[in-house]
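Okay, here's what each chain looks like letter by letter:
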Amino acid sequence: MGYFSFLRTNWLFLLAGFLLTFTSSYGQTYFISLFAGEIKTDFGLSDGQWGGIYTIGTTMSAVAMIWAGVLTDRFRVRALAVGVMLCLATACIAMALNTSWVLLIIVIFALRLSGQGMMSQLGSVAMVRWFEATRGKALSLASTGFAAGQAILPIVFVALFAVTSWRSLWVLAALLIVLTIPFLVILLRQERTPQSMAAETQMNGMHGRHWSRAEMLRSGLFFLMIPLILGPSAWGTALFFQQVHLAEVKGWELVAYVALMPIYTLSAIATTFASGWAIDRYGVSRVVPIQMLPFALSFAVLAFADTIFMAGVGLVIFGVGQGLQSTATSTFWAEYFGTRHIGSIKSVAAAIMVFGSAIGPGVTGVLIDLGIDFPDQMLPISLYYLIAAALAAYGIKRYQPTLGR
C-alpha cells in the first residue's frame, strides 16, 4: 500500500499520532531554549547555572520516565493522552507564574517529563500498537509532528516576542495544548484495539515470545543498543543547544545559520518517509545498523565547515539521520522484544533518550569552559556515532536469527 492510500484509509489515527508528537514540542529543548535569555535575566542565572538547572530537571524526568512509561501498557491512548496534556499545560502555566529558581527545577522536570518524555512515548507506542504490517509508514507519518513543531513553533514564538512578554507566551502554549485536547478526543472516539492487547494480533519478539522489561534489561542486545539510543539525543540536543556558540566560533551570522533550519527539517521529513517505506519493505534489521552513519558524517562535515553553505550541507545530512532515527528505533523494540509489553520496554529507551538530552549540553558546555570549542568536539562525537553503529550492527547480526522470520 502506498503512502497516499495508506493515509486516506487511516487518516484519523495518523492525525492523532501527529498531534501527539507535535504537542511534545512544548517540552522539547529547542522550544524551551527560545526563552533561555529571558529566563536567565529574570532569575539572575549565569549560563552555567541555567545549564545546571536544565540538566537536573531533565535527569529527574529521565528517571521518572522508567515508571511513567509503563502507563502506556495499562491505559488507552485516548485516556492517558488527555491526562498528560493537562499536566503539560499546567507545567507551561507554572513556567509563566514561577519566580523561584528552586522551583524552576521542578518546572523543567514537569515540562520534560510530560512533553519530551510522555507525549513522544504516546505517539510512537500508539503507532507501533495500532499498525503491524505498515508500522514503518505509520511511524514516519506520525513523526512528522516532531518536524512540524520544530519548523513552525520557533518562528511563531520568536516573532511574538516583539509584541508580548515571554511569560505570556507560556500561557499561550498552555492554551494551545488545551485546545488540542478536544480534537484528539474526537479523532480517537473509536480508538482501535491496541494490537498488543489483542491475543490474535500480537507480534512476538525473539524466540517467538513477548519479552518483559526485566528480561529485556538482561538481554545482551539491549546493552549493545544503548549507544545508539543515547547518541542522537545527547549530541543532537547539544548541536542545537550550542548553536549560538557554534556560529560565533565559525564566524557565521546567527540569523544565517538559523535560516538553514527549514532545509534540515525538509531533509528529516523526506528521510522519515523513505525510512518508513524501507522498514516495511526490507525490515528494520537492515535500517538500524546504518542509521548512525549520517550523524557521524554530519558532525565531521560541520567540524570542517568554513562557510554557511557547508553548514547547510552538514545539517541536511544530520536531518537524514534524524529521519532514520524517528522510525527505526521504535520499530526495533516491537520487532525484537514483542508488543505485549512495548510501553514498559520503550519507557526504558525513552528514559535513556531523555537522559542523553540532559548530559549532551552539559558535557559540551563543560568542555567549552575548558577551552575546547564545540567544533573541536565534533570529530570525537563523529567517532562515537561510528562505534554506536558498529555495536548495533553486531547486535543485529547476532540476534536476528532468533526472530525466526
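What counts and how
- Residues numbered from 1 in each chain as written.
- Predicted model: local features only at pLDDT ≥ 70, side-chain atom pairs only at ≥ 80, totals over all residues.
- Heavy atoms only, no water.
- Buried < 20%, exposed > 50% of the residue type's maximum accessible area, 1.4 Å probe, protein only.
- Helix = DSSP H or I, 4+ residues; strand = E, 2+ residues; numbered from the N terminus.
- Arc of directions from axis to C-beta.
- Contact = heavy atoms within 4.5 Å.
- Expected span 1.5 Å × (residues − 1).
- UniProt positions renumbered as here; feature names shortened; annotations may be inferred.

As annotated in an unreviewed UniProt entry, the chain carries the name MFS transporter and comes from Sulfitobacter pacificus.

Draft legend 1. Up close: helix H3 (residues 36-43). Here H3 has its buried residues at Ala 36, Ile 39 and Phe 43. The arc that holds every buried residue of H3, seen down its axis, measures 65°, which confines them to one face.

Draft legend 2. Spatial organisation of the environment of Leu 111. Mapping Leu 111 onto the fold places it in helix H6 (residues 101-130). By relative accessible area, Leu 111 is classed as buried at 0%. Each C-alpha atom, one on Leu 111 and one on Ile 32, is 8.9 Å from the other, the two residues being 79 residues apart in sequence. Those residues in contact with Leu 111 that sit more than four places away from it in its chain are Tyr 26, Gly 27, Ile 32, Leu 88, Ala 91, Cys 92, Met 95, Gln 116 and Trp 170.

Draft legend 3. Representation of helix H5 (residues 77-97). Spanning 21 residues, H5 covers 30 Å between terminal C-alpha atoms, matching the ideal 30 Å at 1.5 Å per step. Among the residues of H5, Val 77, Leu 80, Ala 81, Val 84, Met 85, Leu 88, Ala 89, Ala 91, Cys 92, Met 95 and Ala 96 are the ones counted as buried.

Draft legend 4. A look at the UniProt feature "transmembrane region" (unreviewed entry) in the chain. What UniProt calls "transmembrane region" (unreviewed entry) maps, in this numbering, to residues 51-72, 79-97, 138-163, 169-188, 221-242, 254-275, 348-372 and 378-396. Taken end to end, residues 51-72 is 82% helix and 0% strand, and its two terminal C-alpha atoms sit 31 Å from one another. End-to-end, the C-alpha atoms of residues 348-372 are 32 Å apart, and along that stretch the chain is 88% helix and 0% strand.

Draft legend 5. Region of interest: the environment of Thr 72. With respect to the element layout, Thr 72 can be found in the loop between helix H4 (47-68) and H5. Note: C-alpha distance between Thr 72 and Ser 285 (213 residues apart in sequence) is 25 Å.

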